[in-house]
Structure formats: C-alpha cells, structure tokens
Amino acid sequence: MITFEPVLLRRVGLPDSASLATYQADGGYAALRRALGMEPAQVIELVKRSGLRGRGGAGFPCGMKWTFLPKGHPGPIYLCVNGDESEPGTFNNRILMEEDPHQVLEGILIAGHAIRARTAYIYLRYEYGRSYRTLQRAIDECYANNLAGKNILGSGFDMDIFLHRGAGAYICGEETGLIESLEGKRAWPRIKPPFPAVEGLFRKPTIVNNIETLACVTQILDRGVDWFRSIGVAADVNNPRDLGSYGPKLYCLSGHVNRPGCYELPLGVTARRLIDQCGGGVRNGRRVKAVVPGGISMGFLSEAELDTPLDFNGPLQAGCLGLGTAAVIVIDDQTSMVDVLYNCCRFFSHESCGQCTPCREGTAWMTKILERIRAGRGEPSDLDLLLEVAGSMGILPGTTICGLSDGAAWPVKNAIHKFRPEFEQYIRSKRKK
Ligand SMILES: Cc1cc2nc3c(=O)[nH]c(=O)nc-3n(C[C@H](O)[C@H](O)[C@H](O)COP(=O)(O)O)c2cc1C
Ligand code: SF4
C-alpha cells in the first residue's frame, strides 16, 4: 500500500481551508518571513539546490530558469503565474487554487522576492470560476494583512498581485502565448529566442511558473532542501544529464478507474500502483488497454508498460513525450483506440492557433484521415500517412513555433506504434460493413 503523508494537499478538507486564518493557524507565511530574511540570490540558490523541476509540463529546473534573468536589471521584472491548466485530464492547479490559495500566494511572494519582481500576474483558466473567486478573496486578504502591496511584513519588499482571467483557449497556457494574451492580444506564441527571462511581458524580463511549482517553492522554504530531495527519484550519478525527479507530485487520475481524483505521491510512483492502490483498479473489473501518463499530449503507455515510473524520465523511456502534467487517464480494454485517437486529434486541431502551416494543416489532416477511417473508408496505408504527417510537425522536427504541435503528433505516433494491429483490424472490419 502507498503510504505518503500529503504536504501540498495537507489542508484540503479542513474547514475554511482557503482562508488566511486557517493557513496562518497551520504555520502559513513562516516560509515567506524566512525568505524575506535572506538575500534574493540565496533564495534562488536554495531552490536550485532542491532540484525542483517545473510542474507545468516541461520539467525545466526552476532555480536555473530564475538565474537566466539579466543580472543587475534595473526593472521592471515580471512574474507570470501559469494557472491556465488546459491540458486534458489535468486539475491539480485547480485544487490548489480552490482549497489552499495562500500556499500558492506564499510561493508567488517568495519567488517575487527571489527574482526581484514587483508585479505578479496570475493567468487563470477562464472556465475556473470558483478558483477566480477563491484566489481573489485570498489576494484581498493578503492586501488587508500586509502580505501584498507596499513594505510586505515590514521588510521593505513591495509586490502587487493581479488576477487575470484567461481567454479560454489551450494555447493561452504556452508561456509566450500567455504573455501575448496578458498584453491584450491574440495568444499567438512567440518565436524563441528571446526567451521570456530575457524579453517577456511588455518586452521586459519575465519568469513564467506553474501554480504547483510555486506551491513547491513554499514547501522548500518551509521544510528545507534536504527534505525535498529526500522525496522522489535521485539523479543517476553516472549520468550528468539526469536532473533527477525530486519532491512530491500531484497526480490527477481519471478515466476508467474506480476512484478518480488528485493524489499526492512522491515522484516516481508507477502507473500500476497509482491505478490499483489509489484508483481502486479499473472500473467494472476490466483490464487496462492504455494509459495516458501526463495529459494527452504525452502519448500512451500500453498495458505492458504499466510498471513505468511516473517521474521525469520514465515515460520518456517508454516512448512517450514526457511526464507532462502527470495527468493519468486510464483507458479500458473495451475502448477503441481509434476513437481515443480521433478525440485527441480533434482537440489539437481545434486548439492549434494556426500560425505554423505544419501544425494548422497537420492537425486538421490527421483529424480528417481518422474521420475517414471511422466512416469505413480507411485504407491500411492511412496509418503510414498519419505517421508521415505526425513526423513532420513540431519543435522536435524543427517546423513549428511551439510545442502544441509535438503534443498533437505524439498520441498519433504512440497509438499507431503500440496498437497498430487494432487499427488495421478496425480498418478491415469497418470496410466490410
Ligand atoms: C501548448 C502548450 C500549452 C501549455 N499549457 C500550460 C498550462 O496550461 N499550464 C502550465 O503551467 N504550463 C503550460 N505549458 C507550459 C508552459 O509553456 C511553461 O513551460 C510553464 O508554464 C512553465 O512553468 P514551470 O517551469 O513552473 O513548469 C504549456 C505548453 C504548451 C506548449
Ligand atoms: S505550433 Fe501550432 S499552436 Fe504553436 S504556434 Fe504553431 S500553429 Fe500555433
């Protein structure tokens, strides 16, 4: 049985868990006081040593990203907090924002002090009405209690926090799309470089971090680097490129399981243990056919790959795009992978912003080919055609501006490589009818 005492979700379920009173009664804002007693560079060093990697999907080392800001910049420097949370299957940010917003706000203030930002914008998924109300109430409490605004806690540190409702599109979560949207424009991702740390919001140095990443920052300042590094999967000392997978992680479990939900576990739990021990197994006593390891853009694990550790390395080793948002979607053996893939393609085709031809056209054509297959007019050669289109789109083949396209291609590549006989059988049997 998995026994892990939750830290990030510790206050979830307490009466009035979102209030400042509950948070402070539980030791809240002690980590901020500690951080404000340190030099910004010391806080960055601490976060670097913790090994914290971004929880928004890419797993980029958080402390290292903070060091990319230009040295001695006179300002302004901005902090953009990514609460767009649009990856299908992902709802961990929502739980933090609705149940424990002060843990997130404390992380924002600590990060702001570390990177010398005086303004933070929280970019919130438009559909999250409850998160909007809860966060705004918590921000108001901060202003009323000298935890935001001028001279925070008498330290001389000033920071304003603004809550901004998103524009209702998946692409608004891509960091430069988010920045464009915050500036009041269409969320069209920017060509990088320059990266936001050098030229971001209003063309000023900007750090974009995910909600869960910032909640982890609070815990690192509160409990220490050694505590954080004692959880998860350590880096392979023989591999200098392995950055390890440290700390707790919020896994979102959904799909055909008995107990869907958001579970906090050490990074590296296997998909099998998550499904069996947290999720109570597959619904109606069925078997797993496939598992999405971290949001649909990461691709699929097959039943034979259920012992894959869900850390930053495991899904990659199994041919997926990565851990992504750690949103695990279970697909049972009664479900058609053709239907699953069609839904994925339809989503990405709808959400492509249209700037890059391989993404705009590729996502649309993959959807059309799958429509044809589902209508009984597919050819066996359509599978290679799908692979050809998928192989030509994305940052990895170097044809697009942002990673949406890689995320659109990956489910196609994985589904056909791992479930090809099912696709072939589907095409044959549909054509006969
Ligand atoms: C198409 C696309 C959508 C994304 N959506 C989100 C999102 O909803 N939330 C998020 O935190 N990161 C999202 N990201 C990743 C962000 O670009 C960025 O890497 C992240 O917010 C950085 O925060 P972190 O380093 O704390 O993880 C998305 C990336 C892409 C390519
Ligand atoms: S890859 Fe797709 S979503 Fe990203 S900028 Fe290009 S067209 Fe837009």
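Just checking my understanding: could you explain the overall build of the protein for this structure?
A count of helical and extended segments in the protein gives 16 helices and eleven strands. In terms of C-alpha radius of gyration, the protein reaches 22 Å, essentially the compact-globule figure of 22 Å for 433 residues. For the protein, the spread of C-alpha atoms along the three principal axes comes to 75 × 50 × 45 Å. Counting only residues that meet the buried cut, the protein has 53% of its 433 residues in that class. A sequence separation of at least 24 residues applies to 68% of the contacts in the protein between residues at least 6 apart.

I keep staring at the site of ligand 2 and nothing clicks. Help me out?
Taken together, 14 residues lie around ligand 2, and Cys353, Cys356, Cys359, Thr400 and Cys402 are the ones closest in. Looking at the shell around ligand 2, the elements that each hand over two or more residues are α14 (357–374) and α16 (404–432). Class assignment of the residues belonging to the shell around ligand 2 gives a composition of eight nonpolar, five polar and one charged.

In this structure, what is going on with the domain arrangement of the protein? I would like to understand it.
How large an interface is tends to be reported as the accessible area lost when its parts come together. What the domain assignment lists for the protein is domain 1 (20–231), domain 2 (249–332) and domain 3 (337–432). Once you take the C-alpha centre of each, domain 1 and domain 2 turn out to be 27 Å apart. Contact with domain 1, which involves twelve residues of that partner, is made by 16 residues of domain 2. Considering only residue class, the side of domain 1 that touches domain 2 consists of four nonpolar, five polar and three charged.

I keep staring at the sheet that holds strand β9 (residues 288–292) and nothing clicks. Help me out?
Within a sheet, each strand pairs with its neighbour through backbone hydrogen bonds, oriented either parallel or antiparallel. Pairing is mixed in the open sheet, where five strands are placed in the order β8-β7-β11-β9-β10. Strands at the two margins of the open sheet, each flanked by one partner only, are β8 (261–266) and β10 (301–302). Note: β9 against strand β11 (residues 327–332), four bridges, orientation antiparallel. In the sheet register, Val288 faces β11, and the bridge partner there is Asp332.

What exactly am I supposed to notice about the site of ligand 1 here?
In the vicinity of ligand 1, 24 residues are found, and the nearest of them are Gly54, Gly56, Gly173, Asn210 and Thr213. Counted by class, the shell around ligand 1 contains eight nonpolar, ten polar and six charged residues. Viewed by domain, the shell around ligand 1 spans two of them, domain 1 (20–231) and domain 3 (337–432), each represented by three or more residues.

Would you explain the nonpolar core in this entry?
As a rule of thumb, soluble globular proteins bury nonpolar side chains together. Core analysis: the largest hydrophobic core is formed by 137 residues, its most contacted members being Cys80 and Val328. Element by element, the count of residues in this core is highest for α16, at ten residues. Apart from residues no more than four positions distant in its own chain, Cys80 is found in contact with Tyr121, Tyr123, Leu178, Ile179, Leu182, Leu201, Thr206 and Val208.

Help me understand helix α9 (residues 211–223) in this model?
Note that an α-helix has 3.6 residues per turn; residues three or four places apart therefore point the same way. For α9, with 13 residues, the first-to-last C-alpha span of 19 Å sits near the 18 Å given by 1.5 Å per residue. In terms of burial, α9 is a largely internal element, twelve of the 13 residues being buried. Listing the buried residues of α9 in full gives Ile211, Glu212, Thr213, Leu214, Ala215, Cys216, Val217, Thr218, Gln219, Ile220, Leu221 and Asp222. Within two residues after α9, Gly224 carries a phi angle of roughly 100°, on the positive side.

Looking at this structure, I do not really get the packing of helix α13 (residues 337–351) against α14. What am I missing?
One way to put it is that α13 packs onto α14 with a least axis distance of 8 Å and a crossing angle of 150°. Taken as axis vectors, α13 and α14 run roughly antiparallel relative to one another. Classified by chirality, the crossing of α14 by α13 is left-handed. When α13 is examined against α14, the residues Val338, Leu341, Tyr342, Cys345, Arg346, Phe348 and Ser349 are found in contact with a partner set consisting of Thr363, Ala364, Met366, Thr367, Leu370, Ile373 and Arg374. The residue inventory of the contact of α13 with α14, partitioned by class, reads nine nonpolar, three polar and two charged.

I would appreciate a short explanation of unusual backbone geometry in the present structure.
What you tend to see is this: most non-glycine residues have negative phi, and most peptide bonds are trans. The amide bond that connects Gly75 to the next residue, Pro76, takes the cis arrangement and shows omega of 0°. Within the element layout of this structure, Pro76 appears in the loop between α4 (62–67) and β1 (78–83). The linkage connecting Lys192 with the following residue, Pro193, adopts the cis geometry, with an omega of -5°. Within the secondary structure, Pro193 sits in the loop between α8 (175–182) and β4 (206–210). The backbone of Arg116 sits at a positive phi, close to 65°, despite the residue not being glycine. Along the chain, Arg116 turns up in the loop between α6 (101–115) and β2 (119–124). For Arg116, a count of 19 C-beta atoms within 10 Å corresponds to the partly exposed category. Positive phi, normally seen in glycine, also occurs at Phe202, with a value near 50°.

Looking at this structure, how should I read α13?
Along its 15 residues, α13 runs 21 Å from first to last C-alpha, staying within 8% of the 21 Å computed at 1.5 Å per residue. Restricting attention to buried positions, one finds in α13 the residues Met337, Val338, Val340, Leu341, Cys344, Cys345, Phe347 and Phe348.

I tried to follow the sheet that holds β2 on my own but got confused; where do I start?
In spatial order, the strands read β3-β2-β1-β4; together these four strands make up an open sheet with parallel pairing. For this open sheet the edge positions go to β3 (160–165) and β4, each flanked by a neighbour on one side alone. Adjacent strand axes in the sheet meet at a mean angle of 20° when their direction is disregarded. As judged from the six bridges shared by β2 and β3, these two strands associate in the parallel manner. The partner of Thr119 across the bridge, within β3, is Asp160. Against the sheet, α6 makes contact with β1, β2, β3 and β4, and its axis sits at roughly 150° relative to β1, the strand it touches most. Contacts between helix α7 (residues 129–144) and the sheet are confined to β2 and β3, with β3 contributing the most and set at about 165° to the helix.

Here is what the cut-offs are and how they apply
- Residues numbered from 1 in each chain as written.
- Chains lettered and ligands numbered in written order.
- Predicted model: local features only at pLDDT ≥ 70, side-chain atom pairs only at ≥ 80, totals over all residues.
- Helix = DSSP H or I, 4+ residues; strand = E, 2+ residues; numbered from the N terminus.
- Rg over C-alpha atoms; globule rule 2.2 N^0.38 Å.
- Buried ≥ 20, exposed ≤ 12 C-beta atoms within 10 Å, placed from the backbone.
- Contact = placed C-beta atoms within 7 Å.
- Near = placed C-beta within 6 Å.
- Nonpolar A, V, L, I, M, F, W, Y, C, P; charged D, E, K, R; others polar.
- Domains from an automatic or database assignment.
- Pairing = 2+ DSSP bridges.
- Core = buried A, V, L, I, M, F, W, Y, C linked by C-beta atoms within 7 Å.
- Expected span 1.5 Å × (residues − 1).
- Axes fitted to C-alpha atoms, helices over the stretch in contact; angles between N-to-C directions.
- Parallel < 35°, antiparallel > 145°, perpendicular 65-115°, else oblique.
- Left-handed = near helix turned anticlockwise from the far one by under 90°.

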